[in-house]
Each structure stands twice: as structure tokens, then as C-alpha cells.
Amino acid sequence: MVRTRQDVDIHVSFLLNQRGGPNVFPYYRESASGRVIFTNLDTGGTYTNSSTVNNRDDKIVDNGDGTITIVAQASGADRWTDKNGRLVLVDSGTFRYSIAIDYHGTPGDVSDDTEVPDSFTIVRDSTGRNIIDRNFCDDLYEFTSP
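Residues numbered from 1 in each chain as written. Predicted model: local features only at pLDDT ≥ 70, side-chain atom pairs only at ≥ 80, totals over all residues. Heavy atoms only, no water.

A. Quick peek at the packing of aromatic side chains. For the structure shown, the criterion picks out ten aromatic pairs. When the ring of F38 is compared with that of W80, the centres are 6.2 Å apart and the planes differ by 20°; the resulting orientation is stacked. Of the two residues, F38 sits in strand 2 (residues 27-40) while W80 sits in strand 4 (residues 67-81), which places them 42 residues apart along the sequence. Accessibility assignment for this pair places F38 and W80 in one class, buried. Arranged with centres 5.0 Å apart and planes meeting at 65°, the rings of F38 and F136 form a pair that is edge-to-face. Residue F38 is found in strand 2, and its partner F136 is found in helix 1 (residues 136-144); the two are separated by 98 residues along the sequence. With a relative accessible area of 12%, F38 lands in the buried category. Taken together through their ring pairs, the aromatic side chains of F38, Y47, W80, F136 and F143 make up a single cluster. (Phe/Tyr/Trp six-rings, centres within 6.5 Å; stacked < 30°, edge-to-face > 60°. Helix = DSSP H or I, 4+ residues; strand = E, 2+ residues; numbered from the N terminus. Buried < 20%, exposed > 50% of the residue type's maximum accessible area, 1.4 Å probe, protein only.)

Written as C-alpha cells, this is what we have:
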């Protein structure tokens, strides 16, 4: 077991934008960047995750039944560095997904929108480099120990 302190610094911005034309539904855009530092309290070594994420609605389709389907794209990168600042892992890529939203009769007001249950679908699997089958605790110990 590794005794750990976690320090977080994340910045997020988002925008809802009405594009005009016949579509009255606002498009969503979000960007986030930040850093999470995990410090091994026994060794003083750090394991740092620097990340960027961008998420945006590409297409909104009115389904004609009080719901819309949003096709969106998410992209980003996680870069992990060890106690010496050496890059040890990268997880990056882009994927597309869709989700249905019940807009409750108020297409321009997102405050009452709800997700249609079980509507989230991956349209295109993640591209790029994807970290899988890793154990965070093992990595934390490895990258913060002498």
C-alpha cells in the first residue's frame, strides 16, 4: 500500500451556442486541461497526469417525438510523468458517440433536458494510443519509488 497525497489543478470552459437556421437546439462545446499530482508520502516521489480534453456536438437531429439525437466528438490526451519528470505513459485519441435527449418541449432551454435511458452509443471507437490493462496502484508505486 502506498500512502498518497493528491493535488489537483483543472481548468474547464464550456459554451452553449445557437447556430441559427432552422435548428433551435444549442450546440455544446467543452475544453478542459489540468494536472493531477500523486505524491508517494513514503518516498516523496511524484506521479503526474497532465491532460487535455475537448468535447463538442457535431450534429443535432430533431427526432420529431420530443427528443433529439446529438452526435458528438471527444478528443484528448493524458500524459503521465514519473518522479524525474520523464514521460512514461501516453493515452490519447478521439472517439465519436451519440446520445438522445428529451428536451421536454423547450428546445432552446437545456436546464430541463434529460438523457433518454440507454441511448448512449459509441459511433466510432477511440483512435490513437489507449492505455488498457494497467493497474494504477502498481504504476504509482513503480514511478514514485527509488
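B. Molecular detail of a nonpolar patch on the surface. Nonpolar side chains collect at one region of the surface, where V8, I10, V12 and F14 lie side by side and expose about 420 Å² of accessible area between them. By the element assignment, F14 lies in strand 1 (residues 4-17). Residue F14 is classed as exposed on the basis of its relative accessible area, which comes to 61%. (Patch = residues over 30% accessible without salt bridge, like charges linked within 9 Å, V, L, I, M, F, W, Y side chains within 5 Å. Areas by Shrake-Rupley, 256 points an atom, 1.4 Å probe, with all protein chains shown as cover. Salt bridge = Lys/Arg side-chain N within 4 Å of Asp/Glu carboxyl O.)

C. Spatial organisation of the nonpolar core. In terms of nonpolar packing, the biggest core is built from eleven residues, these being F25, Y27, I60, I68, I70, A72, A74, Y97, I99, I101 and Y103. Listing elements by their share of this core, those giving two or more residues are strand 4 and strand 5 (87-102). Among the elements that take part in this core, strand 4 stands out by supplying four residues, more than any other. Among the nonpolar cores identified, the runner-up in size contains eight residues, and V36, W80, V88 and L89 belong to it. (Core = buried A, V, L, I, M, F, W, Y, C linked by side-chain atoms within 4.5 Å.)

D. Just the pattern of salt bridges, in detail. Going through the model one piece at a time under the given rule, you end up with six salt bridges. A salt bridge links D42 to R3; the shortest N-O distance between them is 3.0 Å. Highlighted residues: D42 in the loop between strand 2 and strand 3 (46-62) and R3 in the segment before strand 1, separated in sequence by 39 residues. A relative accessible area of 52% places D42 in the exposed class. Overall, R3 belongs to the partly exposed group, its relative accessible area being 45%.

By themselves, these observations are geometric and do not establish any function.
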